[in-house]
Amino acid sequence: MVSNKRKFQYSKLDELKKEIKDRGLEIPFKSGTEVLAESFRIGNSSAPNRLVANPMEGNDADKDGGPSSLTNRRYRRLASGGSGVIWVEATAVSRDGRSSPRQLLFNERSATAFRELLREIKSCGRGPKGEPQEPYVALQLTHSGRHSSPDGDPAPVIAHHEELLDEKYEVIDSDYPVISDEELDDLKSRYVEAAGLAEECGFDAVDIKACHGYLIHELLASYNRKNSRYGGESFAARTRFLLEIIEEIGERNPNLDITTRLNIYDHLPYPAGFGMKKDGSLAMDLSEPARLIDELSKLDVNTINLAICNPYYNPYVERPFDSPVPGGTLPEEHPLNTLQRNIRVTRKISELQPDINFIGTGYSWLREYSANLGASLCDEGTIAGVGVGRISLADPDYANQLLSRGNLDRGDLCTTCSSCVQMLRKGVEVGCLTRDTEMYRASYRKAIG
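This text gives an overview of the structure that appears in the document. Not measured: the values here are computed from a predicted model.

1. Comments concerning the sheet that holds strand β6 (residues 205–208)
Part 1: Spatially, eight strands are ordered β3-β4-β5-β6-β7-β8-β9-β10 in a closed barrel, and the strand pairing comes out parallel. On average, each strand axis in the sheet is inclined to that of its neighbour by 30 degrees, with strand direction left out of account.
Part 2: In terms of strand pairing, β6 meets strand β7 (residues 257–265) through three bridges, oriented parallel. Across the sheet, residue Asp207 finds its bridge partner in β7, namely Thr259.
Part 3: Here helix α3 (residues 111–124) sits on the sheet in contact with β4 (85–92) and β5 (136–142), set at roughly 150 degrees to β5.

If you want it as structure tokens, here you go:
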């Protein structure tokens, strides 16, 4: 008999497995997690283990857009906590592309602060026995697109008009301007310049962010963008901006690794979503994502951090939760059904592109058992690394705890309460209210008004 419980209330892995079986689902768990301690090849280098601290925006930049002392604290803790890969959060390449006045901004003025951040990350890295360990560090470069708010009020930069997307912001009406090809050409140069600066700072890689509804991701599904080099029904046009940025970065910076956080399935009906069948349903069609990954591979991109959904419209699709943000609702779909779909999508894209190192993501709802799922997917070769977002925010020591003990303590982990999401949406400093209460209590109070 299928239970009606939706919140995570499983005291043992066997209890969770029974629930999965009763629901007719198949979610794999490996009893041992030793595979996560293995190093893996990433770009031109390697990571000391398979645990990847995913990019989580802290919304705590200094006045120039550089990392503040609070930013540095978050990343020092991740490094000393043993994460093999540290994926530095979304960092805007231009002021108009910031999602808030406190989002990180990367340019010559803020570069010194980024150099110091990287120095601290590299010097603070520790393994499970306290030994020095140098994590692999990628910097995520972005433009927030229609979710831009550089001065605190919505200032969308949109790639095309689409009713489902436009209705999110009152300021977008039918006459609202679309970013021009010429403006995109100029923005492309900002990405290339930022990548060169990142290499000068010493980052191992740059991530050209193409997920979660931001500008480059929106261009991938810009079917309604007409008479443009960067949109329309043409696959080549819709992917041109991303591919040309990566190609030019590779030509100018041959020793810098390039990766991307890439949406492969949006769970939004065509023409609003990428990776969707064109019948208006929510059925996936991974032919274009697989084709794009093939093009990325030709440009020597060998590691891709997978993303699913647009969190401004359907956040549960990638990251199931027990509690929504204030005023939000819980989806009818059970989190285990959500997780099975995400695993199916990940396996399918891995089968289509077996030579790519994929980073899997969205497992935090499983608490301590997320490690067992990640170990199983790594062991079967579906993914090369386990992306950890909300758990790493709650417990930056998660990697060394897991690698030294073989398991995680639920009392240290994310409770999927959505407080961090609420903080980000309200433009205040973001952290874990539950596990880092003294640091972030005042911030959360501002978020809930």
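Still more ground to cover, so stick around.
2. Quick notes on the pattern of salt bridges
Part 1: Summed over all chains, the structure comprises 38 salt bridges.
Part 2: A salt bridge links Asp436 to Arg77; the shortest N-O distance between them is 3.2 Å. One end of the pair, Asp436, is in the loop between α13 (419–425) and α14 (437–448); the other, Arg77, is in helix α2 (residues 69–80), with 359 residues separating them in the sequence.
Part 3: By relative accessible area, which is 11% here, Asp436 ends up buried.
Part 4: Judged by its relative accessible area of 29%, Arg77 falls in the partly exposed class.
Part 5: Between Glu380 and Arg347 there is a salt bridge whose closest N-O contact spans 2.8 Å.

3. Looking at the nonpolar core
Part 1: By size, the foremost hydrophobic cluster in this structure holds 105 residues, and its most contacted members are Leu141, Ile208, Leu336 and Leu366.
Part 2: Among the elements that make up this core, the one with the highest residue count is helix α5 (residues 181–201) (nine residues).
Part 3: Excluding its chain neighbours within four sequence positions, the residues that come into contact with Leu366 are Phe8, Leu16, Phe29, Leu336, Leu339 and Leu373.
Part 4: Core analysis: the next-biggest nonpolar cluster, separate from the first, contains 11 residues, Ala47, Val52, Tyr136 and Ile359 among them.

4. Concerning helix α7 (residues 235–252)
Part 1: Helix length check: α7 (18 residues) gives 26 Å between terminal C-alpha atoms against 26 Å at 1.5 Å per residue, within 8%.
Part 2: Residues of α7 that are buried include every one of Phe235, Ala237, Arg238, Thr239, Phe241, Leu242, Leu243, Ile245, Ile246 and Ile249, and no others.
Part 3: Buried residues in α7 make contact with α5, β6, α6 (215–220), β7 and α8 (287–298).
Part 4: Put simply, Ser234 is the residue that caps the front of α7, since its side-chain oxygen is 3.3 Å from the backbone nitrogen of Ala236.

Cut-offs applied
Within each chain, residues carry numbers counting from 1 in the order of the written sequence. In keeping with the model being predicted, local features are shown solely for residues with a pLDDT of at least 70 and side-chain atom pairs are shown and tallied solely at 80 or more, while totals for entire chains, interfaces and linings include all residues. Computation of side-chain values covers all heavy atoms of the structure but excludes hydrogens and water. Two strands form a pair only when DSSP identifies at least two bridges running between them. Helix and strand assignments come from DSSP, with helices taken as H or I runs of at least 4 residues and strands as E runs of at least 2, each series counted from the N terminus. Orientation is described by lines fitted to C-alpha atoms, with helices fitted over the stretch in contact, and by angles between N-to-C directions that extend from 0 to 180 degrees. Whether two residues touch is decided by their heavy atoms; if any such pair falls within 4.5 Å, the residues are in contact. By salt bridge we mean one thing: a side-chain nitrogen of Lys or Arg within 4 Å of a carboxyl oxygen of Asp or Glu. Think of it in three bands: residues with accessible area under 20% of the maximum for their type are buried, residues over 50% are exposed, and the middle band is partly exposed, with areas taken using a 1.4 Å probe on protein chains only. Among buried residues, the Ala, Val, Leu, Ile, Met, Phe, Trp, Tyr and Cys ones that are joined through side-chain atoms within 4.5 Å form a nonpolar core. In this analysis, the expected span of each helix is defined as 1.5 Å times one less than the number of residues it contains. For the purposes of these results, a polar contact is taken to be a pair of N or O atoms within 3.5 Å, where, inside protein, one atom must be able to donate a hydrogen and its partner to accept one; residues adjacent in sequence count only when each atom of the pair is a side-chain atom.

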